[in-house]
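What follows is each chain in one-letter form.
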Amino acid sequence: MKFSTYLENITGISVYPLISLILFVAFFILVTIWMYSLSKKEIEHIEHLPLDN
Amino acid sequence: MSLDKFTYDNRYPKFFAMATIFWGAVGMLLGVIAAFQLAFPVLNFSDYFPHIAFGRLRPVHTNAVIFAFVGNGIFTAVYYALPRLLKTPMYSKALSRIHFWGWQLIIVLAAVTLLFGFTTGKEYAELEWPIDILITLIWVVFGINMFGTILTRRERHLYVAIWFFIGSWVTVAMLHIVNSFEYPVSFMKSYSWYAGVQDALVQWWYGHNAVAFFLTTPYLGLMYYFLPKVAERPIYSYRLSIVHFWSLIFLYIWAGPHHLLYTALPDWAQSLGTAFSIMLILPSWGGMLNGLFTLRGAWDKVRENPVLKFFVVAVTCYGMATFEGPLLSLKNVNAISHYSDWTVAHVHIGALGWNGFLTFGMLYYLIPKLWNTKLYSTKLASTHFWIGTLGIILYALPMYWSAFRAYFMMKAFTPEGMLQYEFIDVVKTTLPFYIMRAVGGTIFLVGVFVMIYNLIKTAKAGSFVASEDAEAAPLAKEYVAPANSIWHSFLERKPLLLLVLSLVVVGIGGMVELIPTFLVKENIPAISSVKPYTPLELQGRDIYIREGCYNCHSQMIRPFRYEVARYGEYSKAGEFVYDHPFQWGSKRTGPDLARIGGKYGNAWHFNHMMEPSAVVQGSIMPTYPSLYDNIIDKGSTNSKIHAMRKMGVPYPVNYEAIANADLDKQASAIATGLKTDNKIDVKSDKEIIALIAYLQRIGKDIKLEPKTAIQ
């Protein structure tokens, strides 16, 4: 059995790339917003974690 | 609130650190030997040990440096940093023990099996299926131990180094599993499930991301932990590190096809690889600058502290290599660099500079800490730093030089339109560069031994602290976010979500890249005259794989005038549909073999494998005397044909039953021909006969059908 046979049997596989692109862009925007929303106090706490011990 | 008391177990960081030192020395020593073998072929010792010929030794070197040296380096950092960042001991002592010894067992098995010729023939994934399974199991053990620790933590926030560890773990797991799909033929022999172009794409998707997620991202975790620690100041920009992480893991996963530019890989996939590789400059340099800027206003420390010296050069090398990488993925640059020593220089800037120096810096910091003492000699460490830097330069420069020299020679035509130089002319002028490179590598290795001496002296002066007491408040059940935080660093507090999201991010890139080549028929136009290998040729191909011929010979002619004139018609995707695994190679220390079939007579190959330099004056290829003694393993023919048919190679049903009869017939025809035409007496059951049969078949099928390819 050729390997690709398994993939061909997935219904609607052609839409996967599109979904993935949308997912990625959305995700990236979220990460960026989240990054800017981090409070200074939290960041200060986190970035000192390696220095504490 | 009362504080919990607990201890950090220092034994496993110690074990892994010792392992990384030991395997580092071994792996680099093998590299030096392999480098000298290229310059002085007599060092292959083929007459005595076929096991250490370059084709078998080089994979041991690469695997040892990547998975043993860097692998143990990663684990040292994880087992030291993770508990401290999370204020909790490692999850399970038993799992730590299994992880440590399991990984060392894998390394030993890998070294032994590769030297004995058990290989899948796919670069950096050469290990055979039982070891692949063992790797998966140990990797899962490591994962459980890591996530167990994260889930039982006393610090709510996950520091960015931990993100890098999580992202690396999940991606390496995915890459290893997808690329290791193979059909076992027997114990210690398997065929890649994918063939030809598809195999090449999966392999370089894996190969590139092994660089990304084994050599780079976990080491970025290491950098984000140890650099601020040693510099005694927080990282330059924590926000930048967030963007660095997510963009890096997303972009990296797409870049693999840049290893296949101008090959028979579909054009769209090549362009995709190039585009993402160029974008990679941004996160990579973001990371580098984040590291270097951490030292702003503290450069006086760099002058005095050898650890920081190593870190600065390591991060600089990271910047150099990640600038060079996108450069190499441009098609016009890649035309020069691919198959050449440039690639070798590039990876060694990364391996020696980035991985090597970061590991050394970590060890110089860690060993005195673990043994509760001071470094035996700061001066000696600085000496190591300078020796190492010199070694890197002396390694890389000759390789760059030789790459350009080879390129200009390869593409030179006479005014009459003939190629100006033979391949062997290029080899001869490259030889001095190989010698210089070997010397550069030796100097780097000397530095490592200086370090080992220094560290042993350090450890002897102190006493090992097996466990360190610590205390921290337990994690509050209900988390109250700071008033002005909108997103409450949501992700950071959810390690499992982080794991899933990293998997999604890297999975997307992999799927979009790989699936179309499997599905869209136009991507690999069929060529009707391309037929499966005969049983004898198949056996010969397995000998070709066993001896690691792909380490020096490509089987992929690019569509350039100077390549077509030298090797023959450029390679087509449809030619490789029965190649489990593909053997395109990535380096031409010897000439391309994609059209070797029929180029020379059988006697030429017979004499050439016996004594290459007698046939081609100046050849640096090892001799292969064992092929004239070893008998073809006919017992395996049946299962090999069976496995191939199961994977879609159209052998007739029940062909297994008569395959060996066909094999005998073809073998005796070759042996008889050698006797009558060339007065060479050889029994038809010797391995050399099978290898000749294979070599004479490569790239010939397409010539049988001058018609246009069927779309």
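What you see is a predicted model, and the numbers here were worked out from it, not measured in a lab.

Turning our attention to the overall build of chain B. Helix and strand counts for chain B stand at 23 helices and 4 strands. Taken over C-alpha atoms, the radius of gyration comes to 26 Å for chain B, in line with the 27 Å a tight globule of 711 residues would show. Dimensions of chain B along its principal axes, counting C-alpha atoms only, are 90 × 50 × 50 Å. Excluding contacts between residues fewer than 6 apart, the proportion of contacts in chain B whose partners are at least 24 apart in sequence is 83%. Of the roughly 26300 Å² of accessible surface on chain B, 67% is carried by carbon and sulfur atoms.

What follows deals with the overall build of chain A. Secondary structure summary: chain A contains 3 helices and 0 strands in total. In chain A, the succession of helices and strands from N to C terminus is α-α-α. Carbon and sulfur atoms form 70% of the exposed surface of chain A, whose accessible area is close to 3300 Å².

As a further point, take the pattern of salt bridges. Residues and elements named next belong to chain B. The final tally for this structure, using the stated rule, is 26 salt bridges over all chains. Here aspartate 542 ties to lysine 640 by a salt bridge, and the two come within 2.8 Å at their closest N and O atoms. Taken together, the residues span a long stretch of sequence, with aspartate 542 in helix H17 (residues 535-546) and lysine 640 in helix H21 (residues 637-646) at a distance of 98 residues. Under the relative-accessibility criterion, aspartate 542 is labelled buried at 9%.

All names here are of chain B. When the domains of chain B are assigned, the result is domain 1 (295-475) and domain 2 (535-704). Contacts between the two partners involve 22 residues from domain 1, matched on the other side by 22 residues from domain 2. Across the domain 1 to domain 2 interface the summed buried area is about 1800 Å²; carbon plus sulfur atoms make up 64%. Area buried by domain 1 at its contact with domain 2 is led by Tyr339, Phe413 and Phe423, which between them contribute 42% of it. Inspection of the domain 1/domain 2 interface yields 1 salt bridge. One salt bridge in this structure joins aspartate 341 and lysine 587, with 3.1 Å as the shortest N-O distance. Joining domain 1 to domain 2, the criterion identifies 7 residue pairs in polar contact (both at pLDDT 80 or more).

Scored by pLDDT, chain A comes out at a mean of 76, with 60% of its residues at no less than 70. Mean pLDDT across the elements of chain A bottoms out in helix H1 (residues 3-8) of chain A (61) and peaks in helix H3 (residues 40-47) of chain A (89).

Let's shift gears to the side chain of arginine 697 of chain B. All names here are of chain B. Mapped onto the elements of the fold, arginine 697 is located in helix H23 (residues 687-697). The exposure class of arginine 697 is buried, given its relative accessible area of 13%. A polar atom in the side chain of arginine 697 sits 3.3 Å from the backbone oxygen of proline 532. Setting aside residues no more than four positions away along its own chain, arginine 697 makes contact with Lys531, Pro532, Tyr533, Thr534, Glu537 and Gly597.

Residue and element names in this part refer to chain B. Tallying each qualifying case throughout the model produces 66 aromatic pairs over all chains. Consider the rings of phenylalanine 36 and phenylalanine 40, whose centres lie 6.5 Å apart with planes at 15 degrees: the pair is stacked. Residue classification places phenylalanine 40 among the partly exposed residues on the basis of a relative accessible area of 36%. Grouped by ring-pair contacts, the aromatic residues Tyr12, Phe15, Phe16, Phe67, Phe75, Tyr79, Phe100, Trp101, Trp103, Trp139, Phe142 and Phe214 constitute a single cluster. Its end group placed over the ring of tyrosine 262, lysine 331 keeps NZ or CZ at 4.7 Å from the ring centre. Just above the ring of phenylalanine 413 sits the side chain of arginine 561; from NZ or CZ to the centre is 3.5 Å.

Structurally, tryptophan 584 of chain B is set in the loop between helix H18 (561-567) and helix H19 (602-610). Each C-alpha atom, one on tryptophan 584 of chain B and one on isoleucine 74 of chain B, is 31 Å from the other, the two residues being 510 residues apart in sequence.

Residue and element names in this part refer to chain B. Core analysis: the largest hydrophobic core is formed by 189 residues, its most contacted members being Trp103, Tyr159, Phe226, Trp246 and Phe360. The dominant element in this core, judged by the number of residues it contributes, is helix H6 (residues 196-231), at 22 residues. Split by domain, this core shows at least three residues from each of two domains, domain 1 (295-475) and domain 2 (535-704). With residues up to four places along the chain from it excluded, the contact list for tryptophan 103 reads Phe67, Gly71, Asn72, Phe75, Ile98, Ile135, Ile138, Trp139 and Phe214. The next biggest cluster of nonpolar side chains, apart from the first, holds 46 residues, and it includes Leu536, Leu691, Tyr694 and Ile698.

All names here are of chain B. Where nonpolar side chains cluster on the molecular surface, the patch consists of Tyr236, Trp285, Leu289, Phe293, Phe323 and Leu327 and spans about 500 Å² of accessible area. Breaking the nonpolar patch down by element, the ones donating at least two residues are helix H9 (281-293) and helix H11 (306-328). Take the nonpolar patch: its biggest share by element is 3 residues, from H9. For phenylalanine 293, the location among the structural elements is in helix H9. For phenylalanine 293, a relative accessible area of 37% translates into the label partly exposed.

Glancing now at the packing of H6 of chain B against helix H7 (residues 238-252) of chain B. Residue and element names in this part refer to chain B. Look at H6 against H7: their axes get within 11 Å of each other, and the N-to-C directions meet at 170 degrees. Between H6 and H7, the interaxial angle falls into the category roughly antiparallel. Only Ser241, His244, Leu248, Ile249 and Tyr252 of H7 make contact with H6, whose side of the interface consists of His208, Asn209, Ala212, Phe213, Thr216, Thr217, Leu220 and Tyr224. Residues belonging to the contact of H6 with H7 are distributed by class as follows: 7 nonpolar, 6 polar and no charged.

This paragraph deals with the packing of helix H5 (residues 160-179) of chain B against H7 of chain B. Residues and elements named next belong to chain B. The contact between H5 and H7 brings their axes to 10 Å, and the two run at 5 degrees. Taken together, H5 and H7 sit at an angle that is classed as roughly parallel. Residue-level inspection shows Val160, Trp163, Phe164 and Gly167 of H5 in contact with H7, the latter providing Tyr238, Ser241, Ile242, His244, Phe245, Trp246 and Leu248. Taken together, the residues of the contact of H5 with H7 sort by class into 8 nonpolar, 3 polar and no charged.

As a further point, take unusual backbone geometry. Most peptide bonds take the trans configuration, and most residues that are not glycine carry a negative phi. All names here are of chain B. The peptide bond linking histidine 580 to proline 581 adopts the cis configuration, its omega dihedral lying at -10 degrees. Relative to the helices and strands, proline 581 is located in the loop between H18 and H19. One non-glycine residue, tyrosine 124, lies in the positive phi region at around 65 degrees. By the element assignment, tyrosine 124 lies in the loop between helix H3 (93-115) and helix H4 (129-151). In this structure tyrosine 124 comes out as buried when scored by relative accessible area, which is 17%. Phi at lysine 679 is positive, roughly 55 degrees, even though this residue is not glycine.

For the rest of this paragraph, the subject is the confidence of the model for chain B. Considering every residue of chain B, the mean pLDDT works out to 92; 95% of them sit at 70 or more. Here residues 484-488 of chain B is a poorly scored stretch, pLDDT under 50, and it has 13 contacts once near neighbours within four places are set aside; other chains count.

Calculation criteria
Along each chain, residues carry numbers from 1 onward, in the same order as the chain's sequence is written. Written order determines the labels here, with chains lettered from A and ligands numbered from 1. Selection of residues for local features in this predicted model requires a pLDDT of at least 70, selection of side-chain atom pairs for listing and counting requires 80 or more, and totals for whole chains, interfaces and linings are taken over all residues. Water and hydrogen atoms were dropped before computing side-chain values, which therefore reflect all heavy atoms in the structure. Runs of E in the DSSP output that reach at least two residues are strands. Runs of H or I that reach at least four are helices, and both are numbered from the N terminus. As a reference, a globule follows 2.2 Å times the number of residues to the power 0.38, and the radius of gyration itself is taken over C-alpha atoms. Whether two residues touch is decided by their heavy atoms; if any such pair falls within 4.5 Å, the residues are in contact. Working definition of accessibility: Shrake-Rupley area with a 1.4 Å probe, residue cover restricted to the visible protein chains. Salt bridges, as used here, are contacts in which a Lys or Arg side-chain nitrogen is within 4 Å of a carboxyl oxygen on Asp or Glu. Only protein chains enter the accessibility calculation, which uses a 1.4 Å probe; a residue whose area is less than 20% of its type maximum is buried, one above 50% is exposed, and one in between is partly exposed. Each domain span listed reflects an automatic or database assignment of domains. Note on definitions: buried area is the accessible-area loss of two parts on being combined, 1.4 Å probe, summed for both. Any N or O atom pair separated by 3.5 Å or less is treated as a polar contact, with the protein-specific requirement of one donor-capable and one acceptor-capable atom, and with residues adjacent in sequence counted only for side-chain atom pairs. Each residue gets a pLDDT score, which is the predictor's confidence in that residue and runs from 0 to 100. Think of it this way: a Phe, Tyr or Trp ring, Trp meaning its six-membered ring, pairs with another when their centres are within 6.5 Å, and the plane angle makes it stacked under 30 degrees, edge-to-face over 60, tilted otherwise. Look at NZ for Lys and CZ for Arg. If either is within 6 Å of the ring centre and within 35 degrees of the ring normal, a charge sits over the ring. By nonpolar core is meant a set of buried Ala, Val, Leu, Ile, Met, Phe, Trp, Tyr and Cys residues that side-chain atoms within 4.5 Å join together. Patches were defined on residues exceeding 30% relative accessible area and lacking a salt bridge, with like-charge contacts within 9 Å and nonpolar side-chain contacts (Val, Leu, Ile, Met, Phe, Trp, Tyr) within 5 Å. Angular values range over 0 to 180 degrees, each being the angle between N-to-C directions of two axes fitted as lines to C-alpha atoms, with helices fitted over their stretch in contact. Each angle receives one of four descriptions, namely roughly parallel if under 35 degrees, roughly antiparallel if over 145, roughly perpendicular if within 65 to 115, and oblique otherwise. Amino acids are sorted into nonpolar (Ala, Val, Leu, Ile, Met, Phe, Trp, Tyr, Cys and Pro), charged (Asp, Glu, Lys and Arg) and polar (every other residue, Gly among them).

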